[in-house]
Amino acid sequence: MMNFSPQANFEATYNCGSLNGPQECNQQSAFGGDFNFGPSCFTYYGCPNEMSGMSGNGRGSGPSPSRGTSSRIPRCAQKPRQIPSPRINYSFRPVFHERTTDEDDSVLTKQLWKLARKSGTLNLSNKALARVPERLFDINEADADSKAANLEQLTIKEEDAWWNQVPLNNLDLSSNTLTHLSPKIENLASLTVLTLHDNALVELPPEVGKLEKLMRLNVSHNKLSQLPRELYSLPDLRHLNISYNEFTELDPDISDLHMLEFLDGGHNNIQSLPGGIGFLVRLTTLLLPYNHIKELPPDLVNMRSLQKIDIEHNDLTGLPEDMGLLRKLECLYLQHNDIQELPDFEGNEGLHELHASNNFIKAIPKPMCSNLPHLKILDLRDNKITELPDELCLLRNLTRLDVSNNTISVLPVTLSSLAHLISLQVDGNPIKTIRRDILQCGTSRILKTLHDRALANKEEGGSDATSLSGGISVTRLRGGHTDSGDMPENFPDRYKLRHTRTLAVNLEQLTEVPEQVFQLAKEEGVHVVDFARNQLSTLPNGLQHLRDQLTELVLSNNLIGHVPQFISQFTRISYLNLSNNLLNDLPKEFGVLVTLRELNVANNRFQFIPNGIYELQGLEILIASENHIKQLNVAGLQCMPRLTTLDLRNNDIDNVPPILGNLTNITHLELVGNPFRQPRHQILMKGTDAIMSYLRDRIPT
């Protein structure tokens, strides 16, 4: 039995070597430096030179070495550490370097070239381009291969033949490092869409003005301070995005873009708007947030097609007095300005959203409440408002009211008559008439408290027989005029019907509606009927009197279990709300409502989407959440070409067909709260684009 002493073995190891004497481990040349691995690089169990002739069991195959020149390694001992393999000293090219012309030209591969010639679309986004490949500007010309090929060769490869190629009409150069655009851009005369956002452009060439077919131009997120004058002569430009640049003003020549429909100039340093901007009569969307605009030009109201105006985070002190001329206006964003007073908005009956938070507004104009019957969102938080007018109850379609962080001390009981109000924000106000614990319980508890007080006031004789819901007298609304009154109690009188063109009775526990109400409504030209939050079990028969003029019908939060066939007679209806009822089917005749644009059947008892709905060619919004729908009929949905919003949350859908991803017309899809496993919840949370992309990737090929 050999006696191993660590000290003795260490000394033996230190002096290990061949017969010629000790050797030194020198890896200088291999590692490119002065690295000296001496005897200490080995374990004390022996020299590798001696172990090379030993087998795995510790016994050599040749003559046994002498004890003075070797040491045996026990089986349980640690194996000697291996010397790391030599590293090769590579010379790497830096990741970030100045792009060469050859590198940029190589991006436009032959495959991309052929695809662009065939489809008319070329996507070179996110390619780190410092300059546009020169070859690109000749893409509409026949290439050398096509010129050299004879008719027989082109017939064999017909897909590459010149007669199957289309001019380039869509070019995407976004998310690169372009600083200039070549004047040769004029060679691409067939372009209709040019996307240049997220580059480093400091100017555009005047030759852009020769792209006479251009309809969409996006140069956002660049370093532009002006546009070439020639650009304003483009005859068909409809969409212009110059946001996130360095503009200080808009050129007055912008008024020459007569076909412009969309203008985004947000996140610049624009101080004022040119006077001639009112000539953009086709403009529907004007976005100018995060600038330094102090006032709006008077001729802004000449843009009669405007539907959305966003002027948040500016320096506005007021709005034009005749804002009512913008009769198609739907959304107005005025947050973070210096506005002290709101106009009456007389004429803006189509306004749906008014955002005016973080201003210096002191009061809500009472006429404004009667002039905005379709307003759904009113955001007035962080202002200087001291009281809320009783006339707020006239905003019958209001779903969200935010007046937090003001100085309001009293909430009017008339708020309880807003049947569609689902969000009431009053935090940060010194309210004294309602206990704090009730305020903390949220909207439903606050409205219930106000409703109980309104009923108590009515029982005590606090409001006369001619009062509307909430206690506002009809005489007050008429300005002192009275009416003989031929309407049943709790129904609006002839004056209000004529003034609002609306028949609205909510929270009155109605089980039926007298026919004379509809006869009078027809005489006064009523086209909107709202009987939400009552006890109706079916549609009142008197509705048939309004079949030729009704455009909106709201019957939500009732006990309706059946829809009669006469619903098909409403030839002008565009909005129908039957949510929160007891429905499980719709009549077959429902499909003849060709004018219907929005249908809400949420929170009913549907186990499938009725077949009549799939025949609604003009339907754009379908809300069928909170039902028991078990499957998706994609074939039926394909028959609805205009459908953009589909809400199927909280149903019993256990499978989502991948071919649903092919319905590119759907831009807003809600599927959360269903028992299917795919797509996963994480994908659903990413939005419609992620869901559709996921589904398309799983379509069998």
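So, how was this worked out
- Residues numbered from 1 in each chain as written.
- Predicted model: local features only at pLDDT ≥ 70, side-chain atom pairs only at ≥ 80, totals over all residues.
- Heavy atoms only, no water.
- Helix = DSSP H or I, 4+ residues; strand = E, 2+ residues; numbered from the N terminus.
- Buried < 20%, exposed > 50% of the residue type's maximum accessible area, 1.4 Å probe, protein only.
- Contact = heavy atoms within 4.5 Å.
- Areas by Shrake-Rupley, 256 points an atom, 1.4 Å probe, with all protein chains shown as cover.
- 1 Å grid on protein atoms, 1.4 Å probe; cavity = no way out; pocket = protein on both sides within 12 Å on 5 of 7 lines; lining within 4 Å.
- Points joined across faces, edges and corners; volume = space filled by probe spheres on them.
- Nonpolar A, V, L, I, M, F, W, Y, C, P; charged D, E, K, R; others polar.
- Expected span 1.5 Å × (residues − 1).
- Arc of directions from axis to C-beta.
- Polar contact = N/O pair within 3.5 Å; in protein donor to acceptor, adjacent residues only side chain to side chain.
- pLDDT = per-residue confidence, 0-100.
- Phe/Tyr/Trp six-rings, centres within 6.5 Å; stacked < 30°, edge-to-face > 60°.

Visitor: What is the right way to read the overall build of the protein from this model?
Guide: When helices and strands are tallied, the protein shows 16 helices and 25 strands. The 701 residues of the protein split such that 45% are buried. The long-range share in the protein, meaning contacts at least 24 apart out of those at least 6 apart in sequence, stands at 38%. Accessible area of the protein: about 36800 Å², with a carbon and sulfur share of 48%.

Visitor: Honestly, empty space enclosed by the protein in this entry has me stumped. Any pointers?
Guide: Rolling a probe over the atoms, with the probe sized like a water molecule, indicates the empty space that remains. Enumeration according to the criterion identifies 1 cavity of 30 Å³ or more in this entry. As a volume, the largest cavity reaches approximately 30 Å³. Around the largest cavity, the lining residues are Val601, Phe606, Phe608, Ile609, Pro610, Ile613, Leu622, Ala624 and Ile629. Its residues assigned to classes, the lining of the largest cavity shows 9 nonpolar, no polar and no charged.

Visitor: Would you take a moment to explain helix 10 (residues 443-459) for this structure?
Guide: For an α-helix the count is 3.6 residues per turn, leaving residues at separations of three or four pointing the same way. Counted at 1.5 Å a residue, the expected span for helix 10 with its 17 residues is 24 Å, and the 24 Å between its end C-alpha atoms agrees. The complete set of buried residues in helix 10 reads Thr443, Ile446, Leu447, Thr449 and Leu450. Taken end-on, helix 10 shows its buried residues confined to a sector of 155°, consistent with a single buried face. Those residues of helix 10 that are exposed and aimed more than 90 degrees away from the buried face are Ser444, Lys448 and Glu459. For helix 10, the elements touching its buried residues are strand 17 (423-425) and helix 9 (436-440).

Visitor: It is not clear to me how the environment of Asn577 should be interpreted in this structure. Could you clarify?
Guide: Examined against the element boundaries, Asn577 turns out to sit in strand 21 (residues 575-577). By relative accessible area, which is 7% here, Asn577 ends up buried. Between the C-alpha atoms of Asn577 and Asn557, which are 20 residues apart in sequence, the distance is 9.6 Å. Not counting residues up to four positions away in its chain, the partners in contact with Asn577 are Leu553, Val554, Leu555, Ser556 and Asn600. At 2.7 Å, the side chain of Asn577 and the side chain of Ser579 are in polar contact.

Visitor: Please explain the confidence of the model for the protein as it appears in this structure.
Guide: Note that predicted coordinates carrying low pLDDT should not be read in detail. Predicted confidence across the protein gives a mean pLDDT of 83, with 79% of residues reaching 70 or more. For the protein, helix 11 (residues 474-478) is the element with the lowest average pLDDT, namely 39, and strand 9 (residues 239-241) is the one with the highest, namely 97.

Visitor: When you look at the packing of aromatic side chains in this model, what are you seeing that I'm missing?
Guide: The geometry of an aromatic ring pair is captured by the separation of the ring centres together with the interplanar angle, meaning the angle of the planes. Applying the stated criterion across every chain, the model contains 2 aromatic pairs. With 6.1 Å between their ring centres and 85° between their planes, Phe518 and Phe531 make a pair best called edge-to-face. A residue pair is termed long-range when its members are at least 10 positions apart, and Phe518 in helix 13 (residues 515-523) and Phe531 in the loop between strand 19 (528-530) and strand 20 (552-554) qualify at 13 residues. Taking 6.4 Å as the distance between ring centres and 55° as the angle between the ring planes, the aromatic pair formed by Phe566 and Phe570 counts as tilted. Exposure class is identical for Phe566 and Phe570. Each is buried.

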